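Listed below, chain by chain, are the residues.
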There are 2 protein chains.
Amino acid sequence: MNVLADFDPVLPESYQSSEFVMLGNLTPDVQMRVIDQMAKRPKLIAMDTMNFWMNIAMERLLEVLKRIDCLIINDEEARQLSGERSLVKASEKILQMGPKYLVIKKGEHGALLFYEGQIFFAPALPLAEVFDPTGAGDTFAGGFIGFLAKSGDLSFENMKRAVIFGSAMASFCVEKFGIERLAELTNIDVKQRVAKFVDLVNFDAQL
Amino acid sequence: MNVLADFDPVLPESYQSSEFVMLGNLTPDVQMRVIDQMAKRPKLIAMDTMNFWMNIAMERLLEVLKRIDCLIINDEEARQLSGERSLVKASEKILQMGPKYLVIKKGEHGALLFYEGQIFFAPALPLAEVFDPTGAGDTFAGGFIGFLAKSGDLSFENMKRAVIFGSAMASFCVEKFGIERLAELTNIDVKQRVAKFVDLVNFDAQL
């Protein structure tokens, strides 16, 4: 028994009908208990997890995976979960475990979104300085699900935008300590940052 | 004295007026001797190099850098050449050493093109299988300079296309052994592959 295993979250009634649920990186048992308390099936359940749970609670983790729509993990976690080195092969295996969408985060190398045989790649913004990387992954997840909750659109096109939006938010997170940079952000800051992501990969393909 | 230091390439006369020159990864002395034999200043001199030359011939390498237009190196080489961990800071220092354009290759993580304060990012194609990575960097360089030589256009927009084209060629190289895959390629194969790069990063930014 440990603190995490004893933690039994009770969802306030007003949360139980949420349409968008983000399961943070806790023990699969806690994640399952949150799902069980939802009054109706949310539109989207997204989930973060990590190697640690794969090592000590893989069976339970696999049960939770069957009940979610979108898994958000990093490249090493994707490799461990699937047993595949290639992220393309890893995605194919993981998408058979339950989720319809898979986001693989590669830190400074960007993020991949996999959905029904399609792949979208979102770059990370090349930064002159990374002041404090703490919380970048959670900021990505928050920006991603927040964008989806606001727009209510689960098309692949909109999921791509959500990945870009999450990446933009994460790029702010690392610029200052803790949530300092996020706390001072304006909508204009965010729009300008998203525009940078567009510029970064934009080219006219006329060959 | 070693074999490389003794190698004294003699350019055939028909090569001496080439408008596009790609200096492969040899000793800076050999690269300099090639530049010296050009009858007139080429439109573009691109160059590859590596850590080894930085370790044993840095001074001479810096002299060559002053005479070229575009340096193509990988991320670790960019860090060693500049002494900067951040690739953005590294690019700023390297672009002060001579070249106007800098391409930093990140292998399976894509490539960055730096030019006058602007950054373009070309993804690598996520592949299910990498059969043989040998020659991917040289294939990238060949595709890049070949594209520029054919189009004759050195605008930033066209340099972006050249980076995508080089990345597409490199993605073929790794699919089979040696040059097997490259030798059998058709123009349609290449166009279809470039289209995959477009799809991979394409999204509608309407937030």
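The following refers to the structure shown. From a predicted model like this one, the values you see are computed outputs, not experimental measurements.

## A closer look at the environment of B:Asn158
Residue and element names in this part refer to chain B. With respect to the helices, strands and loops of the structure, Asn158 is situated in helix α7 (residues 156-173). Overall, Asn158 belongs to the buried group, its relative accessible area being 2%. A C-alpha to C-alpha distance of 23 Å links Asn158 and Cys173, two positions 15 residues apart in sequence.

## Side note on the pairing of strand β4 (residues 101-105) of chain B
Looking along a regular strand, one sees side chains alternate from face to face of the sheet. Residue and element names in this part refer to chain B. For β4, a buried count of five out of five residues is recorded, marking the element as mostly surrounded by other parts of the structure. Judged by which residues are buried, β4 turns out to be covered on both faces: Tyr101, Val103 and Lys105 on one side and Leu102 and Ile104 on the other are all buried. Bridging between strand β3 (residues 70-74) and β4 involves five bridges; their strand directions are parallel. Residue pairing in the sheet places Ile72 in a bridge with Val103 of β4. Direction of pairing for β4 relative to strand β5 (residues 111-115): antiparallel, over a ladder of five bridges. Across the sheet, the residue bridging to Lys105 is Ala111, located in β5. What sits between the antiparallel neighbours β4 and β5 is a turn of five residues, in which Gly107 has the positive phi angle 55°.

## Some words on the interface of chain A and chain B
Each side of the interface is counted separately: chain A has 34 residues, and chain B has 34 residues. Between the two partners, chain A and chain B, sit eight salt bridges. Between B:Lys89 and A:Glu129 there is a salt bridge, with the nearest N and O atoms lying 3.5 Å from each other. Seen at the junction of chain A and chain B, the total is 14 residue pairs in polar contact (both at pLDDT 80 or more).

Reading guide: rules and limits
- Residues numbered from 1 in each chain as written.
- Chains lettered and ligands numbered in written order.
- Predicted model: local features only at pLDDT ≥ 70, side-chain atom pairs only at ≥ 80, totals over all residues.
- Heavy atoms only, no water.
- Helix = DSSP H or I, 4+ residues; strand = E, 2+ residues; numbered from the N terminus.
- Buried < 20%, exposed > 50% of the residue type's maximum accessible area, 1.4 Å probe, protein only.
- Pairing = 2+ DSSP bridges.
- Contact = heavy atoms within 4.5 Å.
- Salt bridge = Lys/Arg side-chain N within 4 Å of Asp/Glu carboxyl O.
- Polar contact = N/O pair within 3.5 Å; in protein donor to acceptor, adjacent residues only side chain to side chain.

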